[in-house]
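Given next are the chains, with one letter for each unit.
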Amino acid sequence: MPNPKDELSGGCLCGAVRFAIKAPFRPVIQCHCGQCARWTGHYVAATQVATEQFKLINGSDHLAWYRSSNRAERGFCSKCGSSMFWRRPDDGRISILAGTLERPTGLKTSHHIFVAVKSDYYDVRDTTPCYDRWMEKTDTAKGEAD
Ligand SMILES: [Zn+2]
Ligand SMILES: [Zn+2]
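Described in the following lines is the structure provided in the data block. (Residues numbered from 1 in each chain as written. Chains lettered and ligands numbered in written order. Predicted model: local features only at pLDDT ≥ 70, side-chain atom pairs only at ≥ 80, totals over all residues. Heavy atoms only, no water.)

Bringing the overall build of the protein chain into the picture now. On a plain count of helices and strands, the protein chain comes out with one helix and ten strands. Ordered by position from the N terminus, the helices and strands of the protein chain form the series β-β-β-α-β-β-β-β-β-β-β. In terms of overall dimensions, the protein chain has a C-alpha envelope of 40 × 35 × 30 Å along the principal axes. Put simply, the protein chain has 146 residues, and 42% of those count as buried. Look at the contacts in the protein chain between residues 6 or more apart in sequence, and 52% of them connect residues 24 or more apart. Here the protein chain has roughly 8300 Å² of accessible surface; of this, 51% comes from carbon and sulfur atoms. Taking the average location of the 20 positive side-chain charges in the protein chain and that of its 16 negative ones, the two points are 3 Å from each other. (Helix = DSSP H or I, 4+ residues; strand = E, 2+ residues; numbered from the N terminus. Buried < 20%, exposed > 50% of the residue type's maximum accessible area, 1.4 Å probe, protein only. Contact = heavy atoms within 4.5 Å. Areas by Shrake-Rupley, 256 points an atom, 1.4 Å probe, with all protein chains shown as cover. Lys, Arg positive; Asp, Glu negative; His and termini not counted. Charge placed at Lys NZ, Arg CZ, Asp CG, Glu CD.)

See below:
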């Protein structure tokens, strides 16, 4: 079912960074890997759009990128520390952490990834599919998150 909204806006905790994204929105994927845990303090739940569907409204001087692996980088506010974006440079897409979006979002979670390596202090109890690591349930060869 298409999202009832064609545009969502969001921003960081302090308000310095504001952005808008245009549909189509990927369903939310929740990632339980160790990198996402350290970056956010818990885990990442993110939608995704094509880069041209993303517009930074303000805060370009506060939006900073941390290169978390040789394939990916993570965008955050350098003033308040909010975790906001994940991308692989040049793949044409940007992931947006769903909690930064104005509510209601109209988004739904499609599945969980890296459940096999999640921390032990919580359970994943919803009914969406869970994958050990990436989308392939039995594939542990791809191993590492980024
Ligand atoms: Zn901020
Ligand atoms: Zn992750």
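Relative to the assigned elements, S82 resides in the loop between β7 (73-77) and β8 (83-87). Residue classification places S82 among the buried positions, given a relative accessible area of 14%. Engagement of the side chain of S82 in a polar contact is seen with the backbone nitrogen of L13, the distance being 2.9 Å. In contact with S82, not counting residues within four places along its chain, are C12, L13, G75, F76 and C77. (Polar contact = N/O pair within 3.5 Å; in protein donor to acceptor, adjacent residues only side chain to side chain.)

Let's shift gears to the coordination of the zinc ion (ligand 2). The zinc ion (ligand 2) binds to the protein through C31 (SG), C33 (SG) and C36 (SG); the donor distances cover 2.1 to 2.3 Å. As a motif over one chain, the donors of the zinc ion (ligand 2) read C-x1-C-x2-C. For C33, a relative accessible area of 3% translates into the label buried. (Donors = N, O, S within 2.8 Å, 3.2 Å for Na, K, Ca; no water.)

We now examine the sheet that holds strand β3 (residues 28-31). Strand pairing in a sheet takes place through backbone hydrogen bonds and is either antiparallel or parallel in direction. Pairing is mixed across the open sheet formed by seven strands, whose spatial order is β6-β7-β8-β9-β4-β3-β10. The open sheet has two edge strands, β6 (63-67) and β10 (109-113), and neither has a second partner. Taking each pair of neighbouring strands and ignoring which way they run, the sheet shows an average axis angle of 30 degrees. Direction of pairing for β3 relative to strand β4 (residues 44-50): antiparallel, over a ladder of three bridges. Of the residues in β4, the one forming a bridge with Q30 is A45. (Pairing = 2+ DSSP bridges. Axes fitted to C-alpha atoms, helices over the stretch in contact; angles between N-to-C directions.)

The next subject is the nonpolar core. Core analysis: the largest hydrophobic core is formed by 19 residues, its most contacted members being F19, I21, M84, F85 and I96. Going through the elements one at a time, β2 (18-22), β8 and β9 (93-97) are the ones with two or more residues in this core. Ignoring any residue separated from it by four or fewer positions in sequence, one finds F85 in contact with F19, W39, F54, L63, W65, E73, R74, G75, I94, S95, I96 and L97. Listed in part, the eleven residues of the second largest apolar core include V44, A46, I113 and Y131. (Core = buried A, V, L, I, M, F, W, Y, C linked by side-chain atoms within 4.5 Å.)

Now for the coordination of the zinc ion (ligand 1). Looking at the zinc ion (ligand 1), one finds its protein donor set to be C12 (SG), C14 (SG), C77 (SG) and C80 (SG), positioned 2.3 Å from the metal centre. Viewed at the metal, the four donor atoms of the zinc ion (ligand 1) are separated by angles of 106 to 114 degrees, and the geometry they form is tetrahedral. Positions of the donor residues of the zinc ion (ligand 1), expressed as sequence spacing, correspond to C-x1-C-x62-C-x2-C. Classification of C12 as buried rests on a relative accessible area of 10%. (Tetrahedral: all angles 85-135°; square planar, octahedral: opposite > 155°, others 65-115°.)

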